[in-house]
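This is what each chain is made of:
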Amino acid sequence: MKQRVVLGLSILLCAGILSCSSPDSAKFSSAAAQGGLAEVELGRLAVQRGSNPAVKSFGQRMIEDHSRANDELKAIATRKNVTLPLDVNSDQKATMDKLSKLSGADFDKEYMSDMVKDHEADAKEFENQANKGTDADIKAFAARTLPMIQRHLQMARDGANQVGAK
């Protein structure tokens, strides 16, 4: 019971941001799971609501890559008997709501701007976890996933430049 309370508090502490700055692997796992879910859902929005082909393509890449990473993280959590969040946090929901009201060029700019900020933060967190994580399996997951996050960051920056996002 005490472990569930501690895990619940860890999830609550991470709920306001996409990831946590601590090398604690449990916190990272929860935040990474929620972030991955958000990337997939936002990618779906990009495919549906985006107007620029680069934005739609980026959204499709988010769906594919983050679905694979989510599956890998779930498999690790299952082996360790750890329960990951099944839904995005309130900030991620707010971003989805904001973007779902936009379309065309407005959507493209806002989405790509959000993706740059998100992947900048994610790259730092995955690198921190890969270098200083407290669980060997999660640390290895972060190290394997970091190059993907870095590629996404470059793609997001390129896409943001293409659509004139800040």
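Residues numbered from 1 in each chain as written. Predicted model: local features only at pLDDT ≥ 70, side-chain atom pairs only at ≥ 80, totals over all residues. Heavy atoms only, no water.

Asker: Tell me what's going on with helix H2 (residues 25-49), and back it up with residues and numbers.
Answerer: Between the first and last C-alpha of H2 there are 35 Å, a value that for 25 residues agrees with the 36 Å anticipated at 1.5 Å per step. For H2, the side-chain oxygen to backbone nitrogen distance between the N-cap and Ala26 is 2.7 Å, and the N-cap itself is Asp24. (Helix = DSSP H or I, 4+ residues; strand = E, 2+ residues; numbered from the N terminus. Expected span 1.5 Å × (residues − 1). Polar contact = N/O pair within 3.5 Å; in protein donor to acceptor, adjacent residues only side chain to side chain.)

Asker: I'd like a description of the packing of H2 against helix H6 (residues 136-163), backed by residues and values.
Answerer: H6 packs onto H2 with a crossing angle of 45 degrees between their chain directions and a minimal axis gap of 10 Å. What the angle tells us is that H2 and H6 run oblique. When the axes of H2 and H6 are compared, the crossing they make is left-handed. Of the residues in H6, those in contact with Ser25, Phe28 and Ser29 of H2 are Ile138, Phe141 and Ala142. A class-by-class count of the residues in the contact of H2 with H6 yields 4 nonpolar, 2 polar and no charged. (Axes fitted to C-alpha atoms, helices over the stretch in contact; angles between N-to-C directions. Parallel < 35°, antiparallel > 145°, perpendicular 65-115°, else oblique. Left-handed = near helix turned anticlockwise from the far one by under 90°. Contact = heavy atoms within 4.5 Å. Nonpolar A, V, L, I, M, F, W, Y, C, P; charged D, E, K, R; others polar.)

Asker: Residue-level account of the packing of aromatic side chains, with values.
Answerer: What the rule picks out here adds up to 4 aromatic pairs. Judged by centre distance (6.0 Å) and plane angle (65 degrees), the rings of Phe58 and Tyr111 are edge-to-face. Here the residue Phe58 occupies a position in helix H3 (residues 53-79), and Tyr111 occupies one in helix H5 (residues 104-132), the gap between them amounting to 53 residues. Accessibility classification places Phe58 together with Tyr111 in one group, the buried group. Through successive ring pairs, a cluster of aromatic residues spans Phe28, Phe126 and Phe141. (Phe/Tyr/Trp six-rings, centres within 6.5 Å; stacked < 30°, edge-to-face > 60°. Buried < 20%, exposed > 50% of the residue type's maximum accessible area, 1.4 Å probe, protein only.)

Asker: How would you sum up the packing of H3 against H5? Please name residues and give values.
Answerer: Running from N to C, H3 and H5 point in directions that differ by 40 degrees, and their axes come no closer than 11 Å. One element, H3, and the other, H5, form an angle in the oblique class. The interaxial crossing formed by H3 with H5 has left-handed handedness. Judged by residue contacts, Val55, Phe58, Gly59, Met62 and His66 of H3 engage Phe107, Asp108, Tyr111, Met112, Met115 and His119 from H5. Among the residues forming the contact of H3 with H5, the class breakdown is 7 nonpolar, 3 polar and 1 charged.

Asker: If you had to explain the nonpolar core to someone new, which residues and values would you point to?
Answerer: Of all hydrophobic cores here, the largest spans 20 residues; its most connected members are Leu42, Val55, Phe58, Phe107, Tyr111 and Met112. Listing elements by their share of this core, those giving two or more residues are H2, H3, helix H4 (90-100), H5 and H6. Per-element tally for this core: the top contributor is H5, with 5 residues. What Val55 contacts, discounting residues up to four positions off in sequence, is Ala46, Gly50, Phe107, Asp108, Tyr111, Met112 and Val163. Of all hydrophobic cores here, the second largest spans 17 residues; its members include Phe28, Ala32, Leu146 and Ile149. (Core = buried A, V, L, I, M, F, W, Y, C linked by side-chain atoms within 4.5 Å.)

Asker: Break down the pattern of salt bridges for me, with residues and values.
Answerer: Enumeration over the complete set of coordinates arrives at 11 salt bridges. Taking the shortest distance from any N to any O, the salt bridge between Glu41 and Arg44 comes out at 2.5 Å. Of this pair, Glu41 and Arg44 both sit in helix H2, separated by 3 residues, roughly a single helical turn. Notably, a salt bridge pairs Arg61 with Asp65, separated by 3.8 Å at the nearest N-O pair. Of the two residues, Arg61 and Asp65 both sit in helix H3, 4 residues apart, roughly one turn of that helix. On the basis of relative accessibility, which here comes to 32%, the residue Arg61 falls in the partly exposed class. (Salt bridge = Lys/Arg side-chain N within 4 Å of Asp/Glu carboxyl O.)

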